[in-house]
Amino acid sequence: MPVGTTEAKTAEVVVPVQTVTVSSDVTVSVSSEMGTVVGASAAKANHTSGAPSVKRQKVEQSVRLQCGFIIPRKQRQCGMTRRAGQDFCAVHSTNPETAQKRVACPQDGRHSVWEKDLQRHLLKCRVGIPNTYEVWYKENLNLPQESERAVCAANTSVASSAVTGDITAEDFAMWIPVIETVFSAFAPLPFIQHNHASLSLRLGELGNQKHAIQQASLIGHLHAEGLLVPKGDAAHIFMEFGCGRAELSRYVNQAALHHSVGPIRDGASGFVLIDRASNRNKLEQKLVKDYYEANAKCPLVQADTKKAHAPSVLRMKVDIKDLLLDEVVKMPEMAKFGDRVRFIGISKHLCGAATDLTLRCIQNSLEMVKNMRFKGLVVAMCCRHCCAYDIMLPGAKQFLTTRGLDARAFAVMMKMASWAVSGRRPGMADEDLNGHISGLTVKEREEIGLKARRIIDESRRFALESSGFDVKLCHYVERDISLENVCLIIKPKGEGSESP
Ligand SMILES: C[S@@+](CC[C@H](N)C(=O)[O-])C[C@H]1O[C@@H](n2cnc3c(N)ncnc32)[C@H](O)[C@@H]1O
Ligand SMILES: [Zn+2]
Ligand SMILES: [Zn+2]
Ligand SMILES: [Zn+2]
């Protein structure tokens, strides 16, 4: 057994009553191109006392099975999981049946493939190749362009150093009355928490239901807006912005499968999964598997028909600021749907500026706007403290400016918005001041933070309504499920009524 690991099993073992120490017996046996392989002799119990008294016990051992390979560059053990009975993970083992070995991908040595598959792998491996080669990559496309920045600079009375400088007690004192006045014109935000039957089973199984409750509500909103179930022969492609592992997409697909009737159960036609980060434990394979499982009991449907209906999934590791959606639409996985294709944006917890980049990204696409491929967007927004004044839509800046809120005020509002979601340490009371620079109590800070957040969201609403969208804002879950509980729903004006 490799060093430092134990088999996950329930074992019937004989344990002496006295103290037991364990030492591992390790031998370095092989040296390969990819590193040193640690010999896998079993760790053995070194009983320090030869006392005859022993008793039988059931010992539960549930330590993860760790690969025994030592990575030479890092001089540490590989962190991957190995199968029970094997010494190494898939990457570091050789296949005894085919005598094949794993080789490092020449594109990027951090991943490996079976040697026999290398040529085929190189044709499709994108790792290490910068996005600049991709047709859908256009650097800074969705950032404000020169002309917009010039207008913005001309309109602001504040020097850029004043905008970015530290926010002081005077700033808070100066802007709080303005924020209160602007906020007082808004009607209370409605609370609309939906559910979706397709997630009931999963909800029942989970210890922590918070993410599932949010997903169910967002999916319920999609359904209520007529964005979940395609009308006629429309092919729905969901674009998940800031997708992380793409969990929301997976459950959107399950919900679409839930509504599907007919000889073959279609989920969504496809997914475009967008995130700038590398995500572990991605769920797109499971999403496709869900589709096949839903159709497993359709023996009359031919395998190639099932394959043709399986959802097309594209993952794009890209910053939304650089994403050209028009080229995504032209990719074979999407183009195959022809004129039937309709795009729907979704997101759960799209941080600050990423929400505004997404709105710009959609509006910068002729295919989405002019060719009317875009049907709607349901976004749970988050992190207003990570917004950027420059990246806000021009209409949003106009909304703020006409209410006396300039770039400096925006910086102050971002700071305040963080107070609404920072949570409280245990034992903190409403009236605690904690020597805060604003001179406000905890409760007052939370309240003004929520008002600042609402103003930022209303500026987005105004900008979108001015650009031809119907816009809704609502609380989609309670605050105890997520402090970031505001959802933005947009649809092109005249997109039809809500589904029953
Ligand atoms: C708060 S996480 C939410 C992840 C996931 N949607 C969920 O609910 O678990 C925000 C995600 O958005 C991604 N993100 C933030 N800004 C982005 C940007 N400008 N372009 C692409 N992805 C971005 C982050 O990498 C991260 O995965
Ligand atoms: Zn390994
Ligand atoms: Zn590769
Ligand atoms: Zn966030």
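In this text the structure is predicted, and so the values were computed from the model without any measurement.

Criteria and thresholds
- Residues numbered from 1 in each chain as written.
- Chains lettered and ligands numbered in written order.
- Predicted model: local features only at pLDDT ≥ 70, side-chain atom pairs only at ≥ 80, totals over all residues.
- Heavy atoms only, no water.
- Helix = DSSP H or I, 4+ residues; strand = E, 2+ residues; numbered from the N terminus.
- Buried < 20%, exposed > 50% of the residue type's maximum accessible area, 1.4 Å probe, protein only.
- Contact = heavy atoms within 4.5 Å.
- Areas by Shrake-Rupley, 256 points an atom, 1.4 Å probe, with all protein chains shown as cover.
- Phe/Tyr/Trp six-rings, centres within 6.5 Å; stacked < 30°, edge-to-face > 60°.
- Pairing = 2+ DSSP bridges.
- Axes fitted to C-alpha atoms, helices over the stretch in contact; angles between N-to-C directions.
- Near = heavy atom within 4 Å.
- Polar contact = N/O pair within 3.5 Å; in protein donor to acceptor, adjacent residues only side chain to side chain.
- Donors = N, O, S within 2.8 Å, 3.2 Å for Na, K, Ca; no water.
- Parallel < 35°, antiparallel > 145°, perpendicular 65-115°, else oblique.
- Left-handed = near helix turned anticlockwise from the far one by under 90°.
- Nonpolar A, V, L, I, M, F, W, Y, C, P; charged D, E, K, R; others polar.
- Right-handed = clockwise from strand over helix to strand, strands pointing away.
- UniProt positions renumbered as here; feature names shortened; annotations may be inferred.
- pLDDT = per-residue confidence, 0-100.

A.B. asks: I would appreciate a short explanation of the overall build of the protein in the present structure.
C.D. replies: For the protein, the helix and strand inventory stands at 16 helices and 17 strands. Within the protein, buried positions represent 46% of all 500 residues. Long-range contacts, defined as pairs at least 24 residues apart, comprise 70% of the intrachain contacts of the protein with a sequence gap of at least 6. Of the roughly 25800 Å² of accessible surface on the protein, a fraction of 54% belongs to carbon and sulfur atoms.

A.B. asks: Honestly, the packing of aromatic side chains in this entry has me stumped. Any pointers?
C.D. replies: Given two aromatic rings, their pairing is described by the distance between the two centres and the angle made by the two planes. On inspection of all chains with the given rule, the structure shows 7 aromatic pairs. Ring geometry for Phe238 and Phe271: centres 5.7 Å apart, planes at 25°, overall stacked. Of this pair, Phe238 sits in strand S11 (residues 235-241) while Phe271 sits in strand S12 (residues 270-275), and the two are 33 residues apart along the sequence. In this structure, Phe238 and Phe271 share a single accessibility class: buried. For the ring pair Tyr291 and Tyr292, a centre distance of 5.0 Å and an interplane angle of 75° mean the geometry is edge-to-face. Residue classification places Tyr291 among the buried residues on the basis of a relative accessible area of 0%.

A.B. asks: Can you walk me through the sheet that holds S12 in this structure?
C.D. replies: The strands that make up a sheet are held in pairs by hydrogen bonds between backbone atoms, and each pair lies either parallel or antiparallel. Taken in spatial order, the 7 strands make up an open sheet running S13-S12-S11-S14-S15-S17-S16, and their pairing is mixed. Of all the strands in the sheet, the pair left with one neighbour each is strand S13 (312-317) and strand S16 (469-475). Averaged over all neighbouring strand pairs, the angle between strand axes comes to 15°, with direction disregarded. Pairing of strand S15 (residues 374-382) with strand S17 (residues 486-492), which is carried by 4 bridges, proceeds in the antiparallel orientation.

A.B. asks: What should I look at first to understand the site of ligand 1 in this one?
C.D. replies: Within the structure, ligand 1 sits among 15 residues, and Gly242, Asp275, Asp319, Ile320 and Lys348 are positioned closest to it. A distance of 3.0 Å separates a nitrogen atom of ligand 1 from a polar side-chain atom of Asp319. Contacts to ligand 1 include Lys348, whose side-chain N or O atom sits 2.8 Å from an oxygen atom. When isolated, ligand 1 has an accessible area of 590 Å², and the protein chains bury 77% of it. Counting only elements with at least two residues in the shell around ligand 1, the list comes to strand S14 (341-351) and helix H12 (352-363).

A.B. asks: When you look at the coordination of the zinc ion (ligand 4) in this model, what are you seeing that I'm missing?
C.D. replies: Perfect tetrahedral coordination of a metal by four donors corresponds to 109.5 degrees between them, and perfect octahedral coordination by six donors corresponds to 90 or 180 degrees. Around the zinc ion (ligand 4), the donor atoms from the protein are Cys351 (SG), Cys382 (SG) and Cys383 (SG), and they sit 2.1 to 2.5 Å away. Mapping the donors of the zinc ion (ligand 4) onto the primary sequence gives the spacing C-x30-C-C.

A.B. asks: Sorry, what's going on with the packing of helix H15 (residues 407-421) against helix H16 (residues 442-466) here?
C.D. replies: For any two helices packed against each other, the geometry is given by the interaxial angle and the distance between the axes. Running from N to C, H15 and H16 cross one another at 125°; their axes reach a closest spacing of 7 Å. As the angle between them shows, H15 and H16 are arranged oblique. Where H15 crosses over H16, the two elements pack in a sense that is left-handed. The residues of H16 that touch H15, namely those facing Phe410, Met413, Met416, Ala417, Trp419, Ala420 and Val421, are Arg445, Glu446, Ile448, Gly449, Leu450, Ala452, Arg453, Ile455 and Ile456. Among the residues forming the contact of H15 with H16, the class breakdown is 12 nonpolar, 1 polar and 3 charged.

A.B. asks: Mind showing me how you'd approach the side chain of Asn295 here?
C.D. replies: Assignment of secondary structure puts Asn295 in the loop between helix H8 (284-294) and helix H9 (303-309). With relative accessibility at 0%, the residue Asn295 sits in the buried group. Within the structure, Asn295 has its side chain in polar contact with the backbone nitrogen of Arg265 (distance 2.7 Å). Those residues in contact with Asn295 that sit more than four places away from it in its chain are Ile264, Arg265 and Lys306.

A.B. asks: Sorry, what's going on with the pairing of S12 here?
C.D. replies: In regular strands, side chains alternate between the two faces of the sheet. A large share of S12 lies buried, amounting to 6 of its 6 residues. Every second residue of S12 is oriented toward a common face, with Gly270, Val272 and Ile274 on one face and Phe271, Leu273 and Asp275 on the other, all of them buried. The parallel pair S11 and S12, bridged by helix H7 (residues 247-259), forms a crossover whose chirality is right-handed. The pairing of S12 with S13 spans 6 bridges and is parallel. Within the sheet, the bridge partner assigned to Leu273 lies in S13 and is Arg315.

A.B. asks: What am I meant to see in unusual backbone geometry here?
C.D. replies: Keep in mind that most residues, glycine aside, have a negative phi and that most peptide bonds are trans. For His349, which is not glycine, the phi torsion reads 65° and is therefore positive. With respect to the helices and strands, the residue His349 is situated in strand S14.

A.B. asks: Help me understand the UniProt feature "domain: CHHC U11-48K-type" (unreviewed entry) in the protein, please; the structure alone is not making it clear to me.
C.D. replies: As recorded in UniProt, the feature "domain: CHHC U11-48K-type" (unreviewed entry) lies at residues 102-129. Secondary structure content for residues 102-129 is 25% helix and 21% strand, while the C-alpha to C-alpha distance between its ends is 21 Å.

A.B. asks: Help me understand the confidence of the model for the protein in this model?
C.D. replies: Segments scoring low in pLDDT should not have their predicted coordinates read at a detailed level. On average, residues of the protein score 83 in pLDDT, and 83% of them are at 70 or above. With pLDDT under 50 throughout, residues 1-61 is counted as low confidence; its partners more than four residues away or in other chains account for 103 contacts.

A.B. asks: Any chance you could explain the pairing of S11 here in plain terms?
C.D. replies: Across the 7 residues of S11, 7 count as buried, placing the element largely inside the fold. Burial of S11 is two-sided: the residues Ala235, Ile237, Met239 and Phe241 facing one way and the residues His236, Phe238 and Glu240 facing the other way are all buried. Pairing between S11 and S14: 6 bridges, direction parallel. Counted as the bridge partner of Ile237 is Phe343 from S14. In this structure, S11 lies alongside S12, joined through 5 bridges in parallel fashion. Considered in S12, the bridge of Phe238 is made with Phe271.

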